[in-house]
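Residue-level listing of the chains:
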Amino acid sequence: MTDNQRAYWRATRRLTVGLLLVWFAVSFGAGILFREALDAVSIGGAPLGFWMAQQGSIYVFVILIVIYCTAMTRLERKFGIDQKGPEQ
Amino acid sequence: MSGPLWSWVFVGLTFALYIGIAIWSRAGSTRDFYVAGHDVPPVLNGMATAADWMSAASFLSMAGLTAFLGYGGSVYLMGWTGGYVLLALLLAPYLREFGKFTVPDFVGDRYDSRTARIIAVICALFVSFTYIAGQMKGVGVAFSAFLDVPQNWGIAIGMAIVLVYAVLGGMKGITYTQVAQYVVLIFAYTVPAIFISLAITGQLVPQIGFTSESVLPRLDRLLVDLGFTEYTQTTKAKIDVFCITAALMFGTAGLPHVIIRFFTVENAQAARRSAGWALAFIAVLYTTAPAVGAFARINFIDQVNETAIDELPEWFETWESTGYIDLDDKNGDGVVQYRAGEGNEVVPNRDIFVLANPQIAGLPGWVVGLVVAGGMAAALSTAAGLLMVISSAVSHDLMRMTFRPDMTDREELRWARISAAGAVVAAGLLGIFADNLGFVAQVVAFAFGLAAASLFPVIVLGIFWGRFNKQGAIAAMVTGLVTTFAYIVWFKFVDPDPAGWWFGISPEGIGFAFMWLALVVGIVTAIATPAPPDHIRQLVENIRIPGGN
């Protein structure tokens, strides 16, 4: 690996870990572990913890992948990584 | 027109469409057959993945599950969507960059080991067969419930359709039929949901209606009055809720039929994008399902509880006569009592909530036909994806890569077609001989647990830890496979007493715990044995950098 590629890989891992922390927090955190505390607040007629488990976490999952795609495209441009895939 | 006639019209039209697509997208090479030529656009692959993923169980049972489990149903909602984040971030782009055809391909090449490849083949076949039996059964149930066709004939018709487009088109035919199937199934799911949401909450969008004051607070009160747990609570232990959710998430990310969908796109970037599209398309159904479930439970209580038996609505009688609702007027007062415990007189099958919803909400006959076609689309698309895993494991990983390396591309393609045909027949027979869907649902726990504990760890470590070697991979796969298999068999079939569960973790959730065990065993073994050779280190570096060969 060149230094440039190494830096790209380091940045990729950092991004991945950061997004996975959010992934864990909205599903296992808000939807399961701290649900009772969040249930004190309501969205319309739905307790927040319950809503996070059945609706909110799913929306956040989609947003996380969108952020990941955008950030990775930016990283690849920044480090000059070839956008085309390997020819098979 | 009556319901059955409409069902025939919709089922006939959609089946004709699938066959038409199959003829248009025939496969000419193994590359077409296994990975659809590597040139499926990300959006279309997202749709195909969504159809591939959402099975008969998602379509028919998801809403019913949440209707009965309330908060407890969240494990399936989060578990079967959250796995896509893991797929997008940890697996899909790297496996695409690797650029081969199957999951055992990656395991075999990355660990430079025929043994590892064969163990991965065993995992892939086991996972896929347990899963496919349920799909064929689902097709049979839909045929018998709506079209008055005997169940086994229904399975045979479903087999014939899949046979045509899987054998003819391989992954290419499957991809484009799955795109059509996604459109059919999502339309069939959301149309009744919108009508029911309008009827109960006055809101057009079910997800918004779900948060209305007239839904959850009312449902909580209704259920408590009838002696049930509140809808927004569960009786399950927190550790079990946590572990089941995690096992389903990691299992999703390790399922071969989902992973191979990402081999069909152009490059790593397209793989990331199509994972995003896939989850967005899946989320449409998965955020609608809990709303439909809550509405359906309210409807059910309103229309059935404390209603005189001779005044029950028409849909009730239809479904009671087909055995989906069980009614027993225990106290002989001629009125139905629906409640928790002893005094309960009515037991509905949870699958009816999607099937009967159009009737319960008083929708016209064509909507019923649409729902039937949607259920079939969900079952057939998933069955086809699983067939690809089975046939490519046999023709590519066993025949070409293990036993007959001198085979030509043309010969391999012939083997791929033969094994796809064989797999269809085997899957149909499994569907015919599986007694009921209940048994099938039980064994699905296997698929996720095994995928989480055996395939997921070796794929992720293979990408993110260059030092991980053959010995570690074999140790991890065997540990995950054996422990999860033993635990599930023991607590599902030998001694199904929850009191014996380790740390209160059910068989559905145990794959998560044993995944960690497999990781630890794999890592310790790898450290104790020699590092992988240089060409493997190079392979790992190449898959981390897009286009970096």
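Keep in mind that this is a model prediction, so the values were computed, not measured. (Residues numbered from 1 in each chain as written. Chains lettered and ligands numbered in written order. Predicted model: local features only at pLDDT ≥ 70, side-chain atom pairs only at ≥ 80, totals over all residues. Heavy atoms only, no water.)

**With respect to the overall build of chain A**
Moving on, step 1. For chain A, the count of helices and strands is three helices and two strands.
Moving on, step 2. Traced from its N-terminal end to its C-terminal end, chain A shows the element sequence α-α-β-β-α.
Moving on, step 3. Taking 12 Å as the expected radius of gyration for a compact globule of 88 residues, we find that chain A reaches 18 Å, considerably beyond that expectation.
Moving on, step 4. Overall, chain A is about 55 × 20 × 20 Å in size when its C-alpha atoms are taken along their principal axes.
Moving on, step 5. A total of 88 residues make up chain A; the buried ones form 55% of that total.
Moving on, step 6. In chain A, once contacts between residues fewer than 6 apart in sequence are set aside, the share between residues at least 24 apart is 56%.
Moving on, step 7. Element-wise, carbon and sulfur atoms account for 65% of the exposed surface of chain A, whose accessible area totals about 4300 Å².
Moving on, step 8. Charge separation in chain A, taken as the distance between the mean sites of 9 positive and 6 negative side-chain charges, equals 8 Å. (Helix = DSSP H or I, 4+ residues; strand = E, 2+ residues; numbered from the N terminus. Rg over C-alpha atoms; globule rule 2.2 N^0.38 Å. Buried < 20%, exposed > 50% of the residue type's maximum accessible area, 1.4 Å probe, protein only. Contact = heavy atoms within 4.5 Å. Areas by Shrake-Rupley, 256 points an atom, 1.4 Å probe, with all protein chains shown as cover. Lys, Arg positive; Asp, Glu negative; His and termini not counted. Charge placed at Lys NZ, Arg CZ, Asp CG, Glu CD.)

**Points about the interface of chain A and chain B**
Moving on, step 1. Residue-level contacts link 48 residues of chain A with 61 residues of chain B.
Moving on, step 2. Each partner contributes to the roughly 4600 Å² buried at the junction of chain A and chain B, and carbon and sulfur atoms together form 68% of this total.
Moving on, step 3. By the criterion of area lost to chain B, the three top residues of chain A are W9, Q54 and I65 of chain A, representing 14% of everything that side buries.
Moving on, step 4. Between E36 of chain A and K238 of chain B there is a salt bridge whose closest N-O contact spans 2.8 Å. (Buried area = accessible area lost by both parts, 1.4 Å probe. Salt bridge = Lys/Arg side-chain N within 4 Å of Asp/Glu carboxyl O.)

**Section: the environment of H396 of chain B**
Residues and elements named next belong to chain B.
Moving on, step 1. Counting through the fold element by element, H396 comes out in helix α16 (residues 365–403).
Moving on, step 2. The sequence separation of H396 and E412 amounts to 16 residues, and the corresponding C-alpha distance is 7.1 Å.
Moving on, step 3. Separated by 2.9 Å, the side chains of H396 and D105 make a polar contact.
Moving on, step 4. A polar side-chain atom of H396 sits 2.8 Å from a polar atom in the side chain of E412. (Polar contact = N/O pair within 3.5 Å; in protein donor to acceptor, adjacent residues only side chain to side chain.)

**Structural notes on a negative patch on the surface**
Residue and element names in this part refer to chain B.
Moving on, step 1. Residues E314, E317, E320, D326 and D328 make up a contiguous surface patch of negative charge.
Moving on, step 2. The element best represented in the negative patch is helix α14 (residues 314–321), accounting for three residues.
Moving on, step 3. By secondary structure assignment, the location of E317 is in helix α14.
Moving on, step 4. Owing to a relative accessible area of 43%, E317 belongs among the partly exposed residues under this scheme. (Patch = residues over 30% accessible without salt bridge, like charges linked within 9 Å, V, L, I, M, F, W, Y side chains within 5 Å.)

**A word on helix α3 (residues 48–78) of chain A**
Residues and elements named next belong to chain A.
Moving on, step 1. An ideal rise of 1.5 Å per residue puts 45 Å on 31 residues; α3 reaches only 39 Å between its terminal C-alpha atoms.
Moving on, step 2. In terms of residue burial, α3 counts as a mostly covered element, since 22 of its 31 residues are buried.
Moving on, step 3. Immediately beyond the C-terminal end of α3, within one or two residues, lies G80, with a positive phi of roughly 65°. (Expected span 1.5 Å × (residues − 1).)

**Some details on a nonpolar patch on the surface**
Moving on, step 1. Together, I194, L198, L204, V205 and I208 of chain B line one region of the surface with nonpolar side chains, adding up to about 390 Å² of accessible area.
Moving on, step 2. Mapped onto the elements of the fold, V205 of chain B is located in the loop between α8 (151–201) and α9 (206–209).

**Digging into a positive patch on the surface**
Residue and element names in this part refer to chain A.
Moving on, step 1. Where like charges cluster on the molecular surface, the positive patch consists of R6, R10, R13, R14 and K78.
Moving on, step 2. Top contributing element to the positive patch by residue count: helix α1 (residues 3–33), with four residues.
Moving on, step 3. Summarising the element assignment, R6 is placed in helix α1.

**Describing the pattern of salt bridges**
Moving on, step 1. For the coordinates displayed, the defined rule picks out twelve salt bridges over all chains.
Moving on, step 2. Salt-bridge contacts for D39 of chain A lead to R35 of chain A; the nearest nitrogen and oxygen are separated by 3.5 Å. With respect to class, D39 of chain A is no different from R35 of chain A; both count as buried.
Moving on, step 3. Put simply, R400 of chain B and E412 of chain B hold a salt bridge, and the shortest N to O gap is 2.2 Å. A residue pair is termed long-range when its members are at least 10 positions apart, and R400 of chain B in helix α16 and E412 of chain B in helix α17 (residues 409–433) qualify at twelve residues.
Moving on, step 4. A residue is classified by how much of its surface remains accessible, and R400 of chain B, at 22% relative accessible area, is partly exposed.
Moving on, step 5. Its relative accessible area of 1% is what places E412 of chain B among the buried residues.

**Let's talk about the environment of L539 of chain B**
Residues and elements named next belong to chain B.
Moving on, step 1. Mapped onto the secondary structure, L539 falls in helix α21 (residues 534–544).
Moving on, step 2. When the C-alpha positions of L539 and G466 are compared, they lie 9.2 Å apart, and in sequence the two are 73 residues distant.
Moving on, step 3. Look past the residues within four positions of L539 in its chain and what remains in contact with it is F98, D109 and R110.

**Points about the confidence of the model for chain A**
Moving on, step 1. Per-chain confidence: chain A averages 90 in pLDDT, with 93% of residues scoring 70 or above.
Moving on, step 2. Model confidence for chain A, summarised as mean pLDDT per element, is weakest for strand β1 (residues 42–43) of chain A at 88 and strongest for α3 of chain A at 95. (pLDDT = per-residue confidence, 0-100.)

**Let's talk about the packing of helix α7 (residues 114–147) of chain B against α17 of chain B**
Residues and elements named next belong to chain B.
Moving on, step 1. Where α7 contacts α17, the axes come no closer than 8 Å and their chain directions differ by 65°. One element, α7, and the other, α17, form an angle in the roughly perpendicular class. Helix-helix and strand crossings are classified by hand; for α7 and α17 the assignment is right-handed. Facing F129, I132, A133, M136 and K137 of α7, the residues of α17 in contact are A426, A427, G428, L430, G431 and I432.
Moving on, step 2. Split by residue class, the contact of α7 with α17 holds eight nonpolar, two polar and one charged. (Axes fitted to C-alpha atoms, helices over the stretch in contact; angles between N-to-C directions. Parallel < 35°, antiparallel > 145°, perpendicular 65-115°, else oblique. Left-handed = near helix turned anticlockwise from the far one by under 90°. Nonpolar A, V, L, I, M, F, W, Y, C, P; charged D, E, K, R; others polar.)

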